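Given next are the chains, with one letter for each unit.
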Amino acid sequence: MARNTSTETQIKNIVTPVIQAIFKSGKAIYIIIIAVVFYFGYQYFTQKKEDSVTFNSDLIEKEIKNVGKLIVTEGKFSEVVTYKDQQKYLMDLVSFEKKALIVANANVTIAYDLRQIKYNIDQEKKTITITYVPEPELKINQELQFYDINQSRFNPFGAEDYNKINQKVKEVITKKVEQSTLKSNAENRLLSELSKLLILTNTMGWTLEYNGNIIQKDSDFIKGLTP
C-alpha cells in the first residue's frame, strides 16, 4: 500500500509543474480548444460515419422485409363450354355420342411472392442491387356446373371425361386472363411495392439498381421487368 502511495506522489510531482507552466504561459485555453476540436473531428470522421452507414443498411433491410410479402390480384371469370365425345364401332357404322353443356365459374389470382426477392447491399458505394424478382404465379380455382347432359349406355361420362373438361376449361380461362387487365393490375401492385424501396434509397442518398440499370423512377422498373 505504501509503495502505491509513493508512486502516485511521484507522478503528481512530475505532472503538476507541467500543468502549472502551461497555464502560466496563457496558452492553456488554445491547447484545450485544439484538443476539443480534434476530438470531435475524429469522432465525426470515424465512428459517426460508420454508425450512419450501418444504420442506413438496417433501415433498408427492414424495408425489404416489409416489401417481401405475397402480392395478390384477384378476378372472377365465367365461361360456357360445350363438350362432345363420340365412340364409333363397326367401321364407323355405329356410334354412341355423349355431350354436356358446362358453365364454369373461376376465381383467379395472380401473385408475386416477394419473400423470394434477392438483393445485394454495398455499404461503401451506398448501392442496393435487386438481383431477382420472382415470376408471377397464376392460380385458377374453378367450379363446374353440368347442364343438358346426354350420354349413351355404351359411352357414359367417366373420370377421364371430367379431366378433359377441367383441362379445357382451364385453357379457356387462361386465355381470358391474358386478354384481361388482371396481369397489368398485378404488375402495378408489384411496382407500388418496389417503389417503396426507390423512395427510401433516394431519401437516404443511396442508389437502387435492377437488371444492370440504375432505377430513378417507376418506369425504369417496367423496363427491367419486360422480357
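For every chain, the first residue of its written sequence is number 1, and the numbers climb from 1 along that sequence. Owing to the predicted nature of the model, reporting of local features is limited to residues with pLDDT of at least 70; listing and counting of side-chain atom pairs is limited to 80 or more, with chain, interface and lining totals taken over all residues. Water and hydrogen atoms play no part in the side-chain values, which are based on all heavy atoms of the structure.

## Some thoughts on the pattern of salt bridges
Oppositely charged side chains can pair when the atoms bearing their charge come close.
Turning to step 1, where the next piece is worked out: Basic side-chain nitrogens of Lys or Arg form a salt bridge, by our definition, when they fall within 4 Å of a carboxyl oxygen of Asp or Glu. Inspection of every chain in the model, using the stated rule, returns five salt bridges.
Turning to step 2, where the next piece is worked out: Across the salt bridge formed by K164 and E160, the nearest N and O atoms sit 3.7 Å from each other. Placement of both K164 and E160 in helix α3 (residues 159-179) is noted, with a separation of four residues, approximately one turn of the helix.
Turning to step 3, where the next piece is worked out: Using a 1.4 Å probe on the protein chains alone, a residue whose accessible area is under 20% of its type maximum counts as buried, one over 50% counts as exposed, and one in between counts as partly exposed. Note on E160: relative accessible area 56%, which makes it exposed.
Turning to step 4, where the next piece is worked out: With a shortest N-O distance of 3.4 Å, K196 and E193 are connected by a salt bridge. Of this pair, K196 and E193 both sit in helix α4 (residues 182-204), three residues apart, which is roughly one turn of that helix.
Turning to step 5, where the next piece is worked out: The exposure class of K196 is partly exposed, given its relative accessible area of 36%.
Turning to step 6, where the next piece is worked out: Residue class for E193 comes out buried when judged on its relative accessible area of 9%. Runs of H or I in DSSP of at least four residues are treated as helices and runs of E of at least two as strands, each being numbered from the N terminus.

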